[in-house]
Amino acid sequence: KMDQAPTDILGLVRQTVELIRPQAQQQGVRLVLKVPDDGVPPIPADAVRLEQVLLNLVINAFDEMRDGGVLTLAVSAADEEVHVEVSDTGRGIPDNVRARIFDPYFTTRSDGSGMGLAVCDKIIRQHGGQIDVETGSSGTLFRISLPMDDD
């Protein structure tokens, strides 16, 4: 079992945004952070691994927006789950690629190992959560759902 402790997911998302701010400015990507006024409760999680997932999704989003765009990170809580959405205004994921994005070793990048999304998917499942993707010509949205309790 992973090393899970009460984790401030909002804090992790904010930290990720600060980490990528320089690259965003360089690349002409506007960062938008949407969080509930009353925050979200801490969730049992391995903070290091969750941060790895967030960074991975964000780096993929930057890759889709080489000429700039908007990267939105949204955090919300509903029905005993916390949701984190990472969305970009890139080109979207083509249908022929979409079915395979979570497969290990599948990559569309010349410099990629393809482990990114497979690892993200595995980490989120180890947390009892799931990761979903919606994509179209106006961009891609990854939605992570994580349970608030261990049970």
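Residues numbered from 1 in each chain as written. Predicted model: local features only at pLDDT ≥ 70, side-chain atom pairs only at ≥ 80, totals over all residues. Heavy atoms only, no water.

Now for the packing of aromatic side chains. Inspection of the entire model under this criterion finds 1 aromatic pair. An angle of 85 degrees between the planes, with centres 6.4 Å apart, marks the rings of F102 and F142 as edge-to-face. Linking F102 in the loop between helix 3 (95-98) and helix 4 (115-126) with F142 in strand 7 (residues 139-147), this pair joins segments that are 40 residues apart in sequence. Assessed through its relative accessible area of 22%, F102 is described here as partly exposed. A relative accessible area of 6% places F142 in the buried class. (Phe/Tyr/Trp six-rings, centres within 6.5 Å; stacked < 30°, edge-to-face > 60°. Helix = DSSP H or I, 4+ residues; strand = E, 2+ residues; numbered from the N terminus. Buried < 20%, exposed > 50% of the residue type's maximum accessible area, 1.4 Å probe, protein only.)

A few words now on empty space enclosed by the protein. Tallied over the entire structure, the rule returns 1 cavity of 30 Å³ or more. Those elements that provide at least two residues to the lining of the largest cavity are helix 2 (47-64) and strand 7. It is helix 2 that provides the largest number of residues to the lining of the largest cavity, a total of 3 residues. Of the residues belonging to the lining of the largest cavity, the class tally is 8 nonpolar, no polar and no charged. (1 Å grid on protein atoms, 1.4 Å probe; cavity = no way out; pocket = protein on both sides within 12 Å on 5 of 7 lines; lining within 4 Å. Points joined across faces, edges and corners; volume = space filled by probe spheres on them. Nonpolar A, V, L, I, M, F, W, Y, C, P; charged D, E, K, R; others polar.)

Look at helix 1 (residues 9-27): 26 Å from first C-alpha to last across 19 residues, which is about the 27 Å you get at 1.5 Å a residue. Taken together, the buried positions of helix 1 are occupied by I9, L10, L12, V13, T16, V17, I20, A24 and Q27. If you check the start of helix 1, you find a side-chain oxygen 3.2 Å away from the backbone N of L10, and it comes from D8. (Expected span 1.5 Å × (residues − 1). Polar contact = N/O pair within 3.5 Å; in protein donor to acceptor, adjacent residues only side chain to side chain.)

Time to look at the sheet that holds strand 4 (residues 69-78). On the basis of which strands lie adjacent, the open sheet formed by 5 strands has the order 2-4-5-7-6 and mixed pairing. The sheet terminates laterally at strand 2 (29-34) and strand 6 (130-136), the two strands that pair on one side only. For this sheet, the mean inter-axis angle between neighbouring strands, taken without regard to orientation, is 15 degrees. Sheet analysis places strand 5 (residues 81-88) next to strand 7, joined by 8 bridges and oriented antiparallel. Within strand 7, the position partnered with H83 by the bridge is S145. Strands strand 2, strand 4, strand 5 and strand 7 of the sheet are contacted by helix 1, whose axis makes an angle of about 165 degrees with strand 2. Against the sheet, helix 2 touches strand 2, strand 4, strand 5, strand 6 and strand 7, its axis set at about 25 degrees to strand 5. (Pairing = 2+ DSSP bridges. Axes fitted to C-alpha atoms, helices over the stretch in contact; angles between N-to-C directions. Contact = heavy atoms within 4.5 Å.)

Take helix 2 next. Here helix 2 spans 26 Å end to end across 18 residues, near enough to the 26 Å set by a 1.5 Å rise per residue. For helix 2, the complete set of buried residues consists of L50, E51, V53, L54, L57, V58, N60, A61, F62 and D63. Its side-chain oxygen at 3.2 Å from the backbone nitrogen of V48, D46 defines the N-terminal cap of helix 2.

On to the packing of helix 1 against helix 2, then. The N-to-C vectors of helix 1 and helix 2 enclose an angle of 30 degrees; their axes lie 10 Å apart at closest approach. Accordingly, the angle class assigned to the pair helix 1 and helix 2 is roughly parallel. The handedness of the crossing between helix 1 and helix 2 comes out as right-handed. Contact with helix 1, carried on its side by I9, L12, V13, Q15, T16, L19, I20, Q23, A24 and Q27, involves A47, L50, E51, L54, L55, V58 and F62 of helix 2 and no other residues of that element. Taken together, the residues that form the contact of helix 1 with helix 2 break down as 12 nonpolar, 4 polar and 1 charged. (Parallel < 35°, antiparallel > 145°, perpendicular 65-115°, else oblique. Left-handed = near helix turned anticlockwise from the far one by under 90°.)

With that out of the way, let us pick up the pattern of salt bridges. Oppositely charged side chains may form a pair once their charged atoms are brought near each other. Within this structure, the stated rule accounts for 8 salt bridges. Between R66 and D63 there is a salt bridge; the shortest N-O distance is 3.2 Å. For D63, a relative accessible area of 19% corresponds to the buried category. The salt bridge involving R91 is made with E64; its shortest N-O contact spans 3.7 Å. Here R91 is found in the loop between strand 5 and helix 3, whereas its partner E64 is found in helix 2, with 27 residues between them in sequence. One connected set of salt bridges, linked through shared partners, spans E85, E134 and R143. (Salt bridge = Lys/Arg side-chain N within 4 Å of Asp/Glu carboxyl O.)

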